[in-house]
Structure formats: structure tokens, C-alpha cells
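# A look at the structure
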2 protein chains.
Amino acid sequence: MIVTPQTRRFTEPLSLQSGAVLPAYELVYETYGTLNAERSNAVLVCHALNASHHVAGWHADVNGQPLARSEGWWNNMIGPGKPVDTDRYFVVSVNNLGSCFGSTGPTHINPATGQPWGADFPVVTVEDWVHAQARLLDALGIETLAAVMGGSLGGMQTLSWTLQYPNRVRHAVVVASAPNLTAENIAFNEVARRAIVTDPDFHGGHYLREGTLPRRGLRIARMIGHITYLSDDVMNEKFGRSLRRADGEDPAAVAELAYRYSTQDVEFQIESYLRYQGDKFSEYFDANTYLLITRALDYFDPARAFEGNLSAAVARARAGFLLISFTTDWRFSPARSREMVKALLENRREVSYCEIDAPHGHDAFLLDDARYHQAVRAYFERTVGATLAGEVTHG
Amino acid sequence: MIVTPQTRRFTEPLSLQSGAVLPAYELVYETYGTLNAERSNAVLVCHALNASHHVAGWHADVNGQPLARSEGWWNNMIGPGKPVDTDRYFVVSVNNLGSCFGSTGPTHINPATGQPWGADFPVVTVEDWVHAQARLLDALGIETLAAVMGGSLGGMQTLSWTLQYPNRVRHAVVVASAPNLTAENIAFNEVARRAIVTDPDFHGGHYLREGTLPRRGLRIARMIGHITYLSDDVMNEKFGRSLRRADGEDPAAVAELAYRYSTQDVEFQIESYLRYQGDKFSEYFDANTYLLITRALDYFDPARAFEGNLSAAVARARAGFLLISFTTDWRFSPARSREMVKALLENRREVSYCEIDAPHGHDAFLLDDARYHQAVRAYFERTVGATLAGEVTHG
């Protein structure tokens with residue numbers, strides 16, 4: 001499946017939760033499948049921290065062939081015949097405001113100054129993103145969504161959709177998510193942000209003007225992130241305490257590798273893996289975007305306006321829900337999903353909940369686990385599909 | 001209890017595990033209580049990452065009065081009438097080689113160059129520390145220890161004592177420790193080290209020559225450390241999602257505090273706490289010492305020489321053991337202590353094991369928990385005390 005991103009420009013100013021106003025902006029998005037005549041089969045997919053609108057399929061090279069390494073980040077989940085079947089559903093995915101993958105963000109030009117926005121790009125929240133996504137759907141002529149879905153931060157947007165636009169969402173699929181971040185989650189985000197902000201190449205967020213990039217800080221941020229995405233178990237299985245083989249070293253001699261006794265060289269395989277991930281990330285991700293997106297995570301807390309009462313906060317929701325969590329996910333643990341399940345049940349919402357016994361930690365939501373995909377497939381085939389045909393109503 | 005650190009110079013070269021040789025060195029240490037005539041009541045306490053020889057009591061000001069903020073780091077555990085009762089035991093604690101609190105380390109002058117050692121200070125291991133500690137005990141005329149004890153990295157030294165000098169240790173008290181680090185532990189250490197090493201003020205580890213200090217890196221390292229010392233539970237209880245009150249803000253108005261919508265200012269209390277801890281640490285800790293000590297943690301793995309078989313590795317031990325772990329410690333989890341218990345029992349060692357249900361995470365080993373302290377007290381009164389009187393023998 002070859003896909004091409006599209007861009008839509010909005011000239012009506014967007015009022016943000018912070019009080020700031022974004023005068024005009026562009027959203028980059030992709031669609032897969034075909035909107036039916038009733039306009040009832042649209043599914044919105046929301047992306048997480050470092051992902052983009054490029055959810056499914058492949059981008060094309062100049063010859064129209066699939067471009068190497070251009071696979072969508074949820075291509076195992078979304079496409080023809082896949083759990084979210086694009087032969088049946090019209091899937092829309094939007095790059096969020098403040099991102100560095102096409103939609104208006106800190107690397108774009110601030111029309112007021114003629115310079116890149118940098119650190120002056122306004123703080124955006126999950127609610128602001130959902131607001132902007134709703135405008136795009138308006139423009140596409142989609143009033144009601146058969147479903148909204150997302151994992152992690154994408155799950156937060158999904159939950160927020162059911163609260164901001166209760167009558168526009170029939171179903172919500174919230175994977176590996178939480179109703180807010182814990183203090184520990186905020187703490188990891190804060191360390192990552194401090195690593196970026198204290199990098200001398202950050203220049204108060206105006207590094208583009210200075211011709212620099214705070215790569216050191218981004219590397220550290222990404223390394224911290226990676227540790228928290230994986231489970232202790234999967235790290236032990238994948239890397240354990242194995243030492244890194246030097247180039248040209250006899251693979252058969254692995255067991256006899258000796259410690260090199262160095263504080264700065266790579267000694268263990270896990271170190272090599274983390275450094276590689278950090279280096280790669282620092283080449284393509286924007287530091288100001290990282291700050292914005294981690295802050296959106298920190299701020300999300302729909303219960304806040306209800307004195308912490310999540311049940312009261314979700315009373316507005318009208319959608320049916322599928323929630324999924326993974327046993328070894330310590331970043332967005334099953335307990336956090338169960339909080340949402342409980343709050344929704346207290347409001348007599350229709351809720352399905354799957355706790356998948358998977359070893360992969362938070363990353364599991366991106367992986368091709370048969371039970372997980374079967375749960376999503378069944379929900380889209382039967383439950384979402386039934387409302388598509390008008391057989392079941394919620395609310 | 002006022003104590004004064006002592007210094008001992010060693011001129012016999014110390015051969016290190018790495019193959020390097022430290023030509024001469026000094027160890028700073030403290031003692032509490034009195035060595036008995038039989039020289040049978042000595043207890044060695046081993047320190048963890050950022051601690052020192054100053055375990056118990058207080059240092060004195062110029063008037064001989066306790067100096068503010070000079071309390072020993074395990075003063076709730078060790079002293080007259082305390083669980084490790086210095087009216088009965090002669091407690092010795094040594095600042096480890098490579099530290100920045102007095103014993104020879106990277107901030108000292110390398111006699112070969114006349115410059116601070118900096119990054120040229122040789123890599124030291126748990127085994128090297130134990131070796132150096134044994135030499136100090138030789139110098140103090142102590143052949144056999146009634147007990148060795150330590151928490152975390154100090155527990156690793158304790159375990160190593162029972163393997164390197166099985167006939168010199170009657171009892172070993174290993175608290176909140178592990179027989180090696182997991183990949184996740186190594187990963188956190190590696191991120192901390194990368195933060196330090198990539199700080200432009202690090203200068204390849206020769207920052208003292210350059211008149212700089214890599215404070216940014218140390219701050220990040222400490223923040224990461226702090227997150228992993230605490231449990232998610234205790235962070236939520238202590239900080240939760242509370243916002244930081246600005247100076248002068250009405251304390252009664254806390255509930256109505258609004259988000260400030262900033263990516264760089266402190267918004268949540270947990271952020272303020274972490275920044276404070278990072279700042280404080282970066283003022284007194286040496287960056288090269290941080291690299292050395294985290295590497296000593298990474299390298300420790302007595303089962304390595306036995307193809308990963310911990311039971312075979314501890315077969316040499318002759319001591320009796322008390323192991324203690326804390327339920328919410330995810331850095332050195334109870335499962336890791338149970339591995340040691342199992343390996344020791346397979347060798348028919350005498351082992352007591354307490355798993356303390358405490359909310360404080362890894363930090364619990366430093367805190368004044370009644371059940372924890374009672375377990376240590378009972379072990380020293382009855383079990384260690386009995387061998388002191390010659391009533392029980394091990395091995």
C-alpha cells in the first residue's frame with residue numbers, strides 16, 4: 001500500500017488551552033481506504049510521542065516503488081485485511097501541531113518574526129490537538145467517527161476525543177495509556193527535558209537561528225525514553241549482561257570475551273543499543289518538539305477539573321470503549337487502564353478490557369502480538385462494525 | 001557521638017583486576033566503639049554509590065560541638081544502643097578507592113604527572129575495594145571480622161568479602177543488593193555516564209586541569225539516580241501531580257493553582273525536587289568518581305567466572321548470612337536477593353532472609369523502618385553475638 005501525505009492549511013485562528021492563539025497553521029495527514037457514502041466508516045488514529053501521521057503503508061520513491069524504511073509505524077495493525085481493515089474503514093491520521101514531521105511546529109517560520117518559532121512556539125495540549133484534529137475532520141466532511149484509536153499518548157487523545165466531542169465518537173480504542181501521568185512519569189520527562197535545555201547548543205530553544213542542534217541533550221532524552229519503553233524482562237532477554245564484541249572478533253569466542261575495564265567505551269551490548277538509538281533519534285527529531293510533546297503528556301489530566309474524580313470526568317463520554325494494556329508495561333501500567341475501566345463502568349459505559357500478558361513493556365503496543373491484534377480485530381469486526389451497520393447504538 | 005576520620009597511607013602497590021597497578025594510595029576511614037582484647041568484635045561497613053566512610057556519629061566543629069549536617073549516613077543503624085551496637089562492636093568504615101571523599105581518587109595528584117588523575121585514574125572494581133579494605137584491616141590488626149555489612153553496592157562488597165576472604169568473615173549482612181546488575185540497571189548507569197561524558201565541560205575527564213566542572217552532566221546523572229531510588233508509590237504519595245507554588249502564593253490556594261503552560265519552568269513539585277537534588281549533588285560530587293563507581297556496579301558479577309552459575313560462585317563462602325530486601329525496591333528487587341538466598345542454601349550456608357514490606361523503594365535501606373532495624377538488631381544480638389562468644393561456628 002503506497003500512501004502520500006496531504007497538507008491542509010487552516011486560516012481560522014486556533015485558541016489554545018494556554019490562552020495563546022495560533023493565527024494560522026497547516027496539518028499534514030494521511031488517509032487509507034475509502035469514505036463510504038454515509039460517511040460513517042471513518043477511523044481516526046492518533047500518534048504518540050515520536051511518531052507521525054504516517055501510520056500505515058509505505059511512501060513511494062521516484063519510480064513509484066516502496067521507499068526503503070518508509071513503513072508506517074502501525075502498519076501491522078492498519079491496512080487491507082488487517083485488524084483495522086482499510087477495505088472496510090476509512091482511516092485518517094494527523095500529524096499533531098508542534099511536531100517536526102510536517103504540521104506547523106517549532107521548526108516552521110513564525111510569521112510575526114520571519115524566524116523559526118523555536119522556543120516561542122506556544123505550548124499545545126492533548127485537548128488542543130484534538131481540537132485541531134476535529135477541524136480537519138470538518139474539512140474532510142466527517143461529522144461522526146466510527147472509532148478513534150491510539151496507544152500511549154495517542155490513547156490520551158482518544159480518551160479526550162470522547163470527552164471533548166462525545167457525540168462525534170462511536171467507539172474509542174485506548175491502548176497502553178493512562179488517565180494522567182504519575183509523578184515518576186513526569187520525573188522521567190523532566191530529566192529528558194533538562195538534558196535538552198542544559199545542552200549548550202540549545203540556546204534557549206533558538207538553536208536554528210544559531211545554526212546549532214542540541215544533539216547531546218536529545219540523545220540522553222531518547223536513551224531515557226528507551227529504557228522506560230522496554231521491560232526489565234525483555235532487556236534481560238535481548239541483552240542481559242552480554243558484552244559487545246569488537247569489530248572482527250571471533251563470534252564463536254563470545255563466551256570468552258573479557259571485560260575491557262573502561263568507563264567510557266562501550267562494554268555491554270545494552271550500552272551499544274542505547275547509544276545507537278540516541279544517535280539515530282538526535283539526527284531527525286526536533287528538540288523543541290520533544291519539550292512540547294512531553295509537556296502535553298504531563299499536562300493531560302481530565303480529572304483535574306473534577307477534583308481528581310475520574311468517574312465524574314468521563315461522565316460526558318458516550319462512546320463504547322475497548323481498553324488494552326500489557327502486563328510488563330511499567331510506564332503505562334495495567335493499573336492505570338483499570339482506573340479508566342472502573343470510571344467508565346461507574347458511568348455505565350460499554351467497556352471491553354484486555355490485559356495482554358506480553359513481555360515487551362510499553363513497546364508492546366507497537367508489536368505484532370497475536371492476542372492483542374485479535375482483540376482489536378474482533379472489536380472492529382463485530383462491535384464497531386455493528387454500529388457501522390446501524391445495529392447498535394450507544395449513549 | 002563525635003567522630004574524626006583517620007587516614008592511612010599504603011606504599012605497597014595494589015594490583016587491580018584491570019591489570020593496572022596503583023603504586024601507593026591513602027584510605028580514609030572511621031571507627032566507632034572499641035576493639036576487644038580478642039580482636040573478635042570488628043564489623044566492617046561498606047558504602048554505596050555516593051556515600052563515604054562517614055557512617056555514624058557527627059563530625060565536630062572548631063568548638064568540639066556536632067557540626068550541622070554532618071550526621072553519618074547510617075547513623076540510625078550504627079551507634080551506642082543501635083541495631084549495630086557500638087557499645088559491643090568495633091565498627092570500621094572505609095572510603096573506597098576512586099571516591100571523592102578523601103581516599104585516593106581522580107581528584108588527587110597522579111605522582112607520574114604532577115596533575116590530577118582525572119580520567120587516568122584506573123578502573124576499580126568491587127573486588128579491588130575489598131582487597132584494599134582487607135589491607136586496612138591488616139594494618140589495624142584485625143584478622144577476622146565478626147561481620148561485614150552494606151546496602152546496595154555496599155551489599156555487593158559484603159558478598160564479595162565472603163568469596164575473596166571466606167575465612168576472615170563470620171557473618172555477612174547484605175541489604176537491598178544483587179548478585180549483579182540487570183541490563184536495565186546498566187542502562188540507567190550508561191545514560192548517567194553519557195550525560196557526564198558528553199558535557200562540554202567534561203574535557204575527556206580532565207576538567208580540573210581546564211578549570212571547569214561538568215555540572216550539567218552530574219545534575220542529569222543524579223536526577224536519573226533519584227528516580228530509580230524511589231518507588232512509584234512513594235513519589236505519588238510525596239509529590240503526586242501537585243503543582244509547585246510560586247513564592248508568596250497563598251498556601252490555602254493550592255487547590256486552585258493553575259497550569260502555567262511552560263516547557264522549561266518548574267510546573268510540578270516533583271520537578272522542583274529533582275532539580276534541587278541534581279543541583280546539590282553537582283556541587284560536591286566528582287564526575288570521574290561517578291563514572292568509576294557506576295562501572296564498579298556494572299562489572300560486579302561473581303557468577304561470571306562460573307558460567308553464570310551463582311550457586312557455584314558462592315560455594316567458597318563460609319559466613320552466615322542475613323539478607324534483607326524491600327518490596328518496592330525496583331532497582332535491587334527482592335527477586336535478586338532471593339537469587340542469592342537460593343544459591344547460598346544450595347551450598348547449605350546458614351541464611352536468614354527478610355523481605356520488608358516498605359513503600360520507599362531502594363532508599364528504604366537508609367531509612368528508619370522498625371521491622372528492618374529489628375531484624376538487624378536481632379541478628380547482631382543473637383547470631384553475630386553468639387559467634388562473638390564462640391558458641392556457634394560456621395563452615
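The structure under discussion appears in the preceding block.
These lines cover the structure that appears in this document, whether it is placed above or below.

Thresholds applied
Residues numbered from 1 in each chain as written. Chains lettered and ligands numbered in written order. Predicted model: local features only at pLDDT ≥ 70, side-chain atom pairs only at ≥ 80, totals over all residues. Heavy atoms only, no water. Helix = DSSP H or I, 4+ residues; strand = E, 2+ residues; numbered from the N terminus. Rg over C-alpha atoms; globule rule 2.2 N^0.38 Å. Buried < 20%, exposed > 50% of the residue type's maximum accessible area, 1.4 Å probe, protein only. Contact = heavy atoms within 4.5 Å. Areas by Shrake-Rupley, 256 points an atom, 1.4 Å probe, with all protein chains shown as cover. Least-squares fit on C-alpha atoms with pLDDT ≥ 70 in both. Phe/Tyr/Trp six-rings, centres within 6.5 Å; stacked < 30°, edge-to-face > 60°. Lys NZ or Arg CZ within 6 Å of the ring centre and 35° of its normal. Axes fitted to C-alpha atoms, helices over the stretch in contact; angles between N-to-C directions. Parallel < 35°, antiparallel > 145°, perpendicular 65-115°, else oblique. Left-handed = near helix turned anticlockwise from the far one by under 90°. Nonpolar A, V, L, I, M, F, W, Y, C, P; charged D, E, K, R; others polar. Core = buried A, V, L, I, M, F, W, Y, C linked by side-chain atoms within 4.5 Å. Pairing = 2+ DSSP bridges. Buried area = accessible area lost by both parts, 1.4 Å probe. Salt bridge = Lys/Arg side-chain N within 4 Å of Asp/Glu carboxyl O. Polar contact = N/O pair within 3.5 Å; in protein donor to acceptor, adjacent residues only side chain to side chain. Expected span 1.5 Å × (residues − 1). Bend = angle between axes of the 7 residues up to and from the residue.

### Structural notes on the overall build of chain A
Helix and strand counts for chain A come out as 11 helices and 14 strands. Computed over its C-alpha atoms, the radius of gyration of chain A comes to 22 Å, within 12% of the 21 Å expected for a compact globule of 395 residues. Its C-alpha atoms put chain A at 65 × 55 × 50 Å along the principal axes. Looking at chain A as a whole, 60% of its 395 residues qualify as buried. Sequence-distant contacts in chain A: of pairs separated by 6 or more residues, those separated by 24 or more amount to 71%. With the model as given, the accessible surface of chain A reaches about 14800 Å², and the carbon-plus-sulfur share is 47%.

### A word on the relation of the copies chain A and chain B
When chain A is brought onto chain B, the operation consists of a screw motion whose angular component is 180° and whose axial shift is 0.0 Å, with 0.0 Å RMSD remaining. Such values leave the two copies arranged in the relation of a two-fold axis. Mapped onto chain B, 100% of the interface residues of chain A are again interface residues, and the two copies thus contact each other with one and the same surface.

### Overview of the packing of aromatic side chains
Enumeration over the complete set of coordinates arrives at 46 aromatic pairs over all chains. Aromatic pair W117(A) and F121(A): ring centres 5.3 Å apart, planes at 80°, arrangement edge-to-face. Considering the side-chain rings of W73(B) and W74(B), the 5.2 Å spacing of their centres and the 15° angle between planes classify their relative orientation as stacked. The class of W73(B) is buried, set by a relative accessible area of 19%. Each member of the aromatic cluster is reached from another via a ring pair, and the members are F101(A), F281(A), Y284(A), F285(A) and Y290(A). In this structure, R304(B) packs its charged tip against the face of Y259(A), placed 4.5 Å from the ring centre.

### Observations regarding the packing of helix 3 (residues 183-197) of chain B against helix 8 (residues 287-299) of chain B
Residue and element names in this part refer to chain B. One can describe the packing of helix 3 onto helix 8 by two numbers: an axis separation of 10 Å at closest approach and a directional angle of 160°. Comparing the axis directions of helix 3 and helix 8 gives the class roughly antiparallel. Note that helix 3 runs across helix 8; the crossing there is left-handed. In this structure, helix 3 contributes I186, N189, A192, R193, I196 and V197 to the contact, and helix 8 contributes A287, Y290, L291, T294, R295, L297 and D298. Here the residues of the contact of helix 3 with helix 8 are counted per class, giving 8 nonpolar, 2 polar and 3 charged.

### Notes on the nonpolar core
Counting residues in hydrophobic clusters, the biggest one holds 260 residues, and the most contacted among them are W161(A) and W161(B). The residues contacting W161(B), other than those within four sequence positions of it, are L44(B), C46(B), V130(B), Q133(B), A134(B), L137(B), L145(B), V148(B), P166(B), R168(B) and V169(B).

### Digging into the sheet that holds strand 12 (residues 171-175) of chain B
Residue and element names in this part refer to chain B. Strand order across the open sheet formed by 8 strands is 1-4-8-5-11-12-13-14, with mixed pairing between neighbours. Strands at the two margins of the open sheet, each flanked by one partner only, are strand 1 (6-10) and strand 14 (351-356). Between one strand axis and the next, the sheet turns through 20° on average, direction left out of account. Strand direction decides the pairing type here: strand 4 (residues 25-32) and strand 8 (residues 90-94), joined by 4 bridges, are antiparallel.

### A few points about the interface of chain A and chain B
Between chain A and chain B, the contact holds 62 residues from the first and 62 residues from the second. Of the roughly 5200 Å² buried between chain A and chain B, counting both surfaces, carbon and sulfur atoms make up 62%. On inspection of chain A and its partner chain B, the count reaches 8 salt bridges. Counting the contacts that link chain A with chain B gives 27 residue pairs in polar contact (both at pLDDT 80 or more). Of all the secondary structure elements, the ones that give two or more residues to the side of chain A that touches chain B are helix 3 (183-197), helix 5 (215-229), helix 6 (232-238), helix 7 (269-284) and helix 8 (287-299) of chain A. Here the side of chain A that touches chain B gets 11 residues from one element, more than from any other, and that element is helix 3 of chain A.

### Some points on the sheet that holds strand 5 (residues 42-46) of chain A
Residue and element names in this part refer to chain A. One open sheet accounts for 8 strands, arranged 1-4-8-5-11-12-13-14; its pairing is mixed. Each having just a single partner strand, strand 1 (6-10) and strand 14 (351-356) make up the two edges of the open sheet. Within the sheet, the average angular offset between the axes of one strand and its neighbour, ignoring direction, is 20°. One ladder, built from 4 bridges, connects strand 5 with strand 11 (residues 147-151); its direction is parallel. Bridging from a neighbouring strand, C46 pairs with G150 of strand 11. Against the sheet, helix 1 (residues 126-139) engages strand 1, strand 4 (25-32), strand 5 and strand 8 (90-94), with an angle of about 105° to strand 1.

### Quick word on the environment of P5(A)
Residues and elements named next belong to chain A. Among the secondary structure elements, P5 is positioned in the segment before strand 1. Separated by 23 residues in the primary sequence, P5 and V28 have C-alpha atoms spaced 6.5 Å apart. Not counting chain neighbours up to four residues away, the residues in contact with P5 comprise V28, Y29, E30, H53 and H59.

### Details of the pairing of strand 14 of chain A
Judged from the 6 bridges that link them, strand 13 (residues 320-326) of chain A and strand 14 of chain A form a sheet pairing that is parallel. In the sheet register, S325(A) faces strand 14 of chain A, and the bridge partner there is E355(A).

### Points about the packing of helix 7 of chain A against helix 3 of chain B
Two elements in contact, helix 7 of chain A and helix 3 of chain B, have axes separated by 9 Å at closest approach and are oriented at 50°. Taken together, the axes of helix 7 of chain A and helix 3 of chain B lie oblique to each other. Where helix 7 of chain A crosses over helix 3 of chain B, the two elements pack in a sense that is right-handed. Taken together, the residues of helix 3 of chain B that come into contact with helix 7 of chain A (itself represented by I270(A), E271(A), L274(A) and R275(A)) are A183(B), I186(B), A187(B), E190(B), V191(B), R193(B) and R194(B). Partitioned by chemical class, the residues of the contact of helix 7 of chain A with helix 3 of chain B number 6 nonpolar, no polar and 5 charged.

### Quick notes on the pattern of salt bridges
Considering all chains together, one arrives at 42 salt bridges over all chains under this definition. Here E190(B) ties to R275(A) by a salt bridge, and the two come within 2.7 Å at their closest N and O atoms. Taken together, the residues E190(B) in helix 3 and R275(A) in helix 7 connect one chain to another. Put simply, R135(B) and E12(B) hold a salt bridge, and the shortest N to O gap is 3.6 Å.

### Some points on helix 8 of chain B
Residues and elements named next belong to chain B. Under the 1.5 Å per step criterion, the end-to-end length of helix 8 is 19 Å for 13 residues, consistent within 8% with the ideal 18 Å. Counting buried positions along helix 8 gives 13 out of 13 residues, so the element sits mostly inside the fold. The N-cap of helix 8, judged by a side-chain oxygen 3.3 Å from the amide nitrogen of N288 a few residues on, is D286.

### Thoughts on the side chain of Q157(B)
Residues and elements named next belong to chain B. Considering the arrangement of structural elements, one finds Q157 in helix 2 (residues 153-164). Polar contacts involving the side chain of Q157 include one to the main-chain carbonyl oxygen of H47, which spans 2.9 Å. A polar atom in the side chain of Q157 sits 2.9 Å from the side chain of Q133.

### Things to note about helix 11 (residues 370-388) of chain B
Residues and elements named next belong to chain B. Taking 1.5 Å of rise per residue, the 19 residues of helix 11 would be expected to cover 27 Å, and the 25 Å separating its terminal C-alpha atoms lies within 8% of that figure. Of all the bends found along helix 11, the most pronounced is centred on F380 and spans about 35°. Looking only at helix 11, the buried set comprises Y372, H373, A375, V376, A378, Y379, F380, V384, G385, A386, T387 and L388. Buried residues belonging to helix 11 abut strand 5 (42-46), strand 7 (84-85), strand 11 (147-151), strand 12, strand 13 (320-326) and strand 14.

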